[in-house]
Amino acid sequence: MSKWLCILILACATAAHAAPQGTNSDDMDPLLADKGLLTRLEDVSHKVADKAQTVAGRAGDLVVNAMGFLGVPYKRGGNSAETGFDCSGFVRAIYQQTVGLVLPRRADQQAASTQVIDKKELQPGDLVFFNTRNTPFSHVGVYIGDERFIHAPSSNGRVRIDQMNARYYAQRFEAARAYFD
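Parameters at a glance
- Throughout this document, residue positions are counted from 1 along each chain, in the order its sequence is written.
- Local features are withheld for residues below a pLDDT of 70 in this predicted model, meaning they are given only at 70 or higher, and side-chain atom pairs are given and counted only at 80 or more; totals for whole chains, interfaces and linings count all residues.
- Note that the side-chain values use all heavy atoms of the structure and ignore hydrogens as well as water.
- Per the convention used, a helix needs a DSSP run of H or I reaching at least four residues, while a strand needs a run of E reaching at least two, with both numbered from the N terminus.
- The buried label applies to any residue whose accessible area, calculated with a 1.4 Å probe on protein chains only, is under 20% of its type's maximum; exposed applies above 50%, and partly exposed to all values in between.
- The criterion used for residue contact is that any of the two residues' heavy atoms lie within 4.5 Å.
- All accessible-area figures derive from a Shrake-Rupley calculation using a 1.4 Å probe, and residue coverage is judged against the displayed protein chains alone.
- At least two bridges found by DSSP between two strands are what make those strands a pair.
- Only the stretch in contact is used when fitting a helix axis, every axis being a line fitted to C-alpha atoms; angles between N-to-C directions are given from 0 to 180 degrees.
- What is meant by a nonpolar core is a set of buried Ala, Val, Leu, Ile, Met, Phe, Trp, Tyr and Cys residues, joined one to another through side-chain atoms within 4.5 Å.
- A pair is scored as a salt bridge if a Lys or Arg side-chain nitrogen falls within 4 Å of a carboxyl oxygen belonging to Asp or Glu.
- Using a grid of 1 Å spacing that covers the protein atoms alone, one calls a set of points a cavity when a 1.4 Å probe fits there but cannot get out, and a pocket when the set is open and has protein on both sides within 12 Å along at least five of seven lines; lining residues are those with an atom within 4 Å of a point.
- Grid points are joined across faces, edges and corners, and a volume is the space filled by probe spheres set on the points.
- Each residue is assigned to one of three groups, with Ala, Val, Leu, Ile, Met, Phe, Trp, Tyr, Cys and Pro labelled nonpolar, Asp, Glu, Lys and Arg labelled charged, and all others, Gly among them, labelled polar.

A. Representation of the overall build of the chain. For the chain, the helix and strand inventory stands at 6 helices and 8 strands. In the chain, which comprises 181 residues, the share counted as buried stands at 38%. Taking contacts inside the chain between residues at least 6 apart in sequence as the whole, the part at least 24 apart equals 52%. Counting every atom, the chain has about 10,300 Å² of accessible surface; 50% of that belongs to carbon and sulfur.

B. Seen up close, unusual backbone geometry. For Asn 134, which is not glycine, the phi dihedral falls at a positive 55°. We note that Phe 137 has phi near 55°; this positive angle belongs to a residue other than glycine. Looking at where Phe 137 falls in the secondary structure, it is placed in the loop between β4 (127-130) and β5 (139-145).

C. Up close: the sheet that holds strand β8 (residues 173-178). Taken in spatial order, the 6 strands line up as β3-β8-β4-β5-β6-β7 in an open sheet, and their pairing is antiparallel. On the outer flanks of this sheet lie β3 (115-117) and β7 (160-163), each paired with one strand and no other. For this sheet the average axis-to-axis angle between neighbouring strands, irrespective of direction, equals 40°. Where β4 lies against β8, 4 bridges are found, and the strand directions are antiparallel. By the bridge assignment, Phe 130 is partnered in β8 with Phe 173. Against the sheet, helix α4 (residues 87-99) touches β4, β5 and β6 (148-151), its axis set at about 50° to β5.

D. Summary view of the nonpolar core. Counting 26 residues, the largest nonpolar core has Phe 85, Phe 90, Val 91, Tyr 95 and Leu 127 as the members making the most contacts within it. Going through the elements one at a time, α3 (37-67), α4, α5 (107-112), β4 and β5 are the ones with two or more residues in this core. The element that contributes the greatest number of residues to this core is α4, accounting for 7 residues. Residue contacts for Phe 90: discarding those within four places in its chain leaves Ala 66, Phe 69, Phe 85, Ile 150, His 151, Ala 152 and Val 159. Counting 10 residues, the second largest nonpolar core, distinct from the first, contains Leu 122, Phe 149, Tyr 169 and Ala 176.

E. A look at the pattern of salt bridges. Applying the stated criterion across every chain, the model contains 3 salt bridges. For Arg 105, the salt bridge identified is with Asp 86, shortest N-O distance 3.1 Å. Of the two residues, Arg 105 sits in the loop between α4 and α5 while Asp 86 sits in the loop between β2 (84-85) and α4, which places them 19 residues apart along the sequence. Judged by its relative accessible area of 11%, Asp 86 falls in the buried class. Notably, a salt bridge pairs Asp 108 with Arg 106, separated by 2.9 Å at the nearest N-O pair. The partly exposed category is assigned to Asp 108, whose relative accessible area is 31%. The class of Arg 106 is partly exposed, set by a relative accessible area of 44%.

F. Summary view of the layout of surface pockets. The space that makes up the second largest pocket amounts to roughly 390 Å³. If you go around the second largest pocket, you meet 21 residues; those closest to its centre are Tyr 74, Cys 87, Arg 133, Ser 138 and His 139. Those elements that place two or more of their residues in the lining of the second largest pocket are α4 and α6 (167-172). Tallied by class, residues from the lining of the second largest pocket come to 7 nonpolar, 8 polar and 6 charged.

Rendered as structure tokens:
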């Protein structure tokens with residue numbers, strides 16, 4: 001979405017720069033239309049809005065689908081609700097079932113195939129990674145908002161929601177990643 005926003009800002013700046021001194025906003029529309037910029041601005045504006053709505057809808061669907069698996073038992077190497085999930089199997093299944101995206105199988109591979117974002121930029125549906133075994137990217141979950149994430153924790157666990165600022169996870173937080181661009 002940032003690419004479209006940059007295009008929109010650039011188009012607006014170009015239009016503003018091209019306006020002669022003393023031109024008021026009522027005179028701006030014919031000037032923009034004459035240069036073909038009004039149509040381009042409208043097109044870009046619609047594309048930005050459509051993309052934002054699509055991403056938000058996909059992320060919301062992803063979180064709702066993930067919540068449907070609360071309580072499914074943990075199973076090392078597991079990748080289905082019938083047999084149980086491990087963390088990366090859970091994330092992979094949720095993304096594949098909800099939005100048709102096939103992520104790699106392991107948490108470290110999922111981290112490598114997704115876009116790096118700042119923790120402050122986390123949005124529902126983004127991935128959060130932790131170092132839980134003295135190994136980089138050894139655990140993954142799906143961010144659901146309000147400093148919470150859903151995941152399949154280790155042995156004897158079940159798919160559940162935890163607080164990212166809980167001491168255990170806060171100390172082991174490693175990275176935030178976005179799959180949607």
